[in-house]
Amino acid sequence: SSLALPKPALPSASVLAAPMLPPAPAAEPRAASAPKAVRLIMMGPPGSGKTTYGKRLSAEFGAPHISVGELLRAYAKDKPEVAARMQTGELVDSELVLRLVRERLTQPDVQERGYILDGFPRRLNEALAMEEWMAGVGVDAVVHLEVSHEELMRRISARGRADDTPETFRNRMKVYRDQTVPVLERFKNSYGVLEPEVSAPTPRPTTPGCAPSWKTP
């Protein structure tokens, strides 16, 4: 079913072709010229393209792209114990993740323009905490990127990060299935879940005015 994002929300041209989003909860009154804030959560297994597509959506809608992985890597630069845990593919302590995310979500750019949240929440306790925070803010939709295992392996091998070893990838996939998939199932009952077509080896940009390949489960 199509989910409509209230106008004025979408630019006339789209790099991804704009997803149809459900209306957001009532917010503080805005000036007539101010664009509507867009609030999206990116979910998907490692290598599915959350950051790539998150940045495209950020460019399209003007909402800041917030990569939790980047927040954690910046934090871990002088925290070797955190960096070592991340290298194995294990999730770091939820308390730390929640603190970093909450601090970022209080920044003025998020308050004004919304967010494209990439890589959070990954555990049910994080989802519950997020739902409590967002009670007065809202989430427009969850964007779920689904890619075949073979394509994930190809992408992970190609991107060349130091922590992208086969063993780490297997561990990350197990963590994703065991801890993050239950979060996605919960969100399917709470928010609109959008599933763009992202399984091609090279993401195909869409031309202005073309219909997107989005579906709602």
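Asker: An account of the layout of surface pockets is requested, with residue identities and associated values reported.
Answerer: Sizing a probe to match a water molecule and rolling it over the atoms shows the empty space that remains. Approximately 920 Å³ is the volume attributed to the largest pocket. Forming the walls of the largest pocket are 42 residues, and the residues nearest its centre are P46, K50, R122, R159 and R161. Only β1 (38-43), α1 (50-61), α2 (68-76), α7 (149-159) and α8 (166-188) provide two or more residues apiece to the lining of the largest pocket. Looking at the lining of the largest pocket residue by residue, the class counts come to 18 nonpolar, eleven polar and 13 charged.

Asker: If you had to explain the confidence of the model for the protein to someone new, which residues and values would you point to?
Answerer: Averaged over every residue, the pLDDT of the protein is 79; the share at 70 or more is 75%. Between the elements of the protein, mean pLDDT differs from a low of 87, seen in α7, to a high of 96, seen in strand β2 (residues 65-67). Taken as a whole, residues 1-22 scores under 50 in pLDDT and shows 58 contacts with residues more than four places along the chain or in a different chain. Residue range residues 202-217 is modelled with pLDDT below 50. Its contacts to residues more than four positions away, or to other chains, number 35 contacts.

Asker: Explain the nonpolar core residue by residue, including any values.
Answerer: Counting residues in hydrophobic clusters, the biggest one holds 31 residues, and the most contacted among them are I41, Y115, F120 and F187. Counting residues per element, this core draws most heavily on helix α4 (residues 94-105), at six residues. Setting aside anything within four residues of it in sequence, one finds F120 in contact with I41, V68, V97, L98, V101, E126, M130 and W133. If you look at the next biggest cluster of nonpolar residues, it comprises 18 residues, including L57, L152, F169 and V198.

Asker: Break down the packing of aromatic side chains for me, with residues and values.
Answerer: Counted under the stated rule, the structure contains two aromatic pairs. Pairing F120 with W133 gives two aromatic rings, centres 6.1 Å apart and planes at 5°, and the pair type is stacked. One end of the pair, F120, is in the loop between β3 (114-118) and α6 (124-133); the other, W133, is in helix α6, and 13 residues separate them in sequence. Plain terms: the ring middles of F187 and Y191 are 5.3 Å apart, the flat faces sit at 70° to each other, and that makes the pair edge-to-face. Just as F187 is buried, Y191 falls in that class too. Cation over ring: R56 sits above Y53, and NZ or CZ is 5.5 Å from the ring centre. In this structure, K79 is placed above the aromatic ring of Y75, and the distance from its NZ or CZ to the ring centre is 4.5 Å.

Scoring rules and cut-offs
- Residues numbered from 1 in each chain as written.
- Predicted model: local features only at pLDDT ≥ 70, side-chain atom pairs only at ≥ 80, totals over all residues.
- Heavy atoms only, no water.
- 1 Å grid on protein atoms, 1.4 Å probe; cavity = no way out; pocket = protein on both sides within 12 Å on 5 of 7 lines; lining within 4 Å.
- Points joined across faces, edges and corners; volume = space filled by probe spheres on them.
- Helix = DSSP H or I, 4+ residues; strand = E, 2+ residues; numbered from the N terminus.
- Nonpolar A, V, L, I, M, F, W, Y, C, P; charged D, E, K, R; others polar.
- pLDDT = per-residue confidence, 0-100.
- Contact = heavy atoms within 4.5 Å.
- Core = buried A, V, L, I, M, F, W, Y, C linked by side-chain atoms within 4.5 Å.
- Buried < 20%, exposed > 50% of the residue type's maximum accessible area, 1.4 Å probe, protein only.
- Phe/Tyr/Trp six-rings, centres within 6.5 Å; stacked < 30°, edge-to-face > 60°.
- Lys NZ or Arg CZ within 6 Å of the ring centre and 35° of its normal.

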